[in-house]
Amino acid sequence: MDSIIGWLIGLAIVFAVVSFIISLIVTYWFIIVGVILLIAVIKNYPTHIAPRIEIMKKRYRVRRQQHAIQQSGKLLAGWQDYLTVISILPALARQYHVPHYEEIITYIKDGDIAKDVYFIFDKNQMMLQDMAKDCLAFKEKNELSAVTQSKVQKMWEELSLINKEIFSEITKHATLIQADYLAESREEREIMDEIIAKRKQ
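Rules used in this analysis
Residue numbering note: each chain is counted from 1, following its sequence as written. With the structure being a predicted model, the display of local features is reserved for residues of pLDDT at least 70 and the display and counting of side-chain atom pairs for 80 or more, all residues being used for whole-chain, interface and lining totals. As a rule here, side-chain values come from all non-hydrogen atoms in the structure, and water together with hydrogens is ignored. Every helix listed is a DSSP run of H or I at least four residues long, and every strand listed is a run of E at least two residues long, numbered separately from the N terminus. Three exposure classes are used, based on accessible area relative to the maximum for each residue type with a 1.4 Å probe and protein chains only: buried under 20%, partly exposed in between, and exposed over 50%. Under the convention used here, a 1.4 Å probe and the Shrake-Rupley method define accessible areas, while residue burial counts only the protein chains that appear. Patch definition: residues with relative accessible area over 30% and no salt bridge; like charges joined within 9 Å; nonpolar side chains (Val, Leu, Ile, Met, Phe, Trp, Tyr) joined within 5 Å. Note on definitions: salt bridges are taken to be side-chain nitrogens of Lys or Arg within 4 Å of carboxyl oxygens of Asp or Glu. The span one expects for a helix is its residue count, reduced by one, times 1.5 Å. At any given residue, the bend is defined as the angle formed between two axes, one fitted to the seven residues that end at that position and one fitted to the seven that begin there. How sure the predictor is of each residue is captured by pLDDT, a score from 0 to 100.

1. Quick look at the overall build of the protein chain
Alright, step 1. Summing up its helical and strand segments, the protein chain has seven helices and zero strands in all.
Alright, step 2. In sequence order, the secondary structure elements of the protein chain are arranged as α-α-α-α-α-α-α.
Alright, step 3. The buried share among the 201 residues of the protein chain stands at 22%.
Alright, step 4. Here the protein chain has roughly 15200 Å² of accessible surface; of this, 61% comes from carbon and sulfur atoms.

2. Observations regarding a nonpolar patch on the surface
Alright, step 1. A surface patch of nonpolar side chains, about 480 Å² in accessible area, is lined by Ile9, Ile13, Val17, Phe20 and Ile21.
Alright, step 2. If you trace the backbone, Ile21 turns up in helix H1 (residues 2–27).

3. A few points about helix H3 (residues 79–92)
Alright, step 1. With 14 residues, H3 should reach 20 Å at 1.5 Å per residue; the first-to-last C-alpha distance of 20 Å fits that figure.
Alright, step 2. Considering bend angle alone, the principal kink of H3 is centred on Ile86 and spans about 25 degrees; proline Pro90 follows within four residues of it.
Alright, step 3. Counting buried positions along H3 gives ten out of 14 residues, so the element sits mostly inside the fold.
Alright, step 4. Among the residues of H3, those classed as buried are Trp79, Tyr82, Leu83, Thr84, Val85, Ile86, Ile88, Leu89, Pro90 and Leu92.
Alright, step 5. Following H3 by one or two positions, Arg94 adopts a phi angle in the positive range, close to 55 degrees.

4. Things to note about the confidence of the model for the protein chain
Keep in mind that low pLDDT regions are not for reading the predicted coordinates in detail.
Alright, step 1. Overall, the prediction assigns the protein chain a mean pLDDT of 82, with 83% of residues at 70 or greater.
Alright, step 2. Mean pLDDT values over the elements of the protein chain span from 71, in H1, up to 95, in helix H6 (residues 125–139).

Okay, structure coming up:
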């Protein structure tokens, strides 16, 4: 008899404990889930989460940079076509560095564009438009025929010439700005020299 009572008391205690645990889980399930998720995040952060966050940051930076470039060059004739050609043609021509490309993009982003650079885009607008259309069409092909390859090679030569011409004007513009800046500094120093000389008298 005592053993039966003991078993019943044991079962009652077990039932009470299980009921208490279930009531805790039902009442505070969101806290338990939160703790489990936090542990999972801490464990997986270095190997899985951190690299993905870094990839997302890079993509966001690239998107921002592309948007800034597009906004900066939107007043240039054929600018969108130029960006299309720059992004597709190197791979088609099996070249991986367009001459002066990075310098031109940086210059355009800066926004202080010389009128001679505008003129280069003006006179090449139709050429860039045709090249952009061809690049988009050739991009879809798995293999390039001999004729297409010769067109790609010619486009590469034209793009290189356009870029060299743009870069030449950028260099001239930079030289003029430097000369003007130094000239202003000299004038300011001469004025200050005169003021100091008068004060000394």
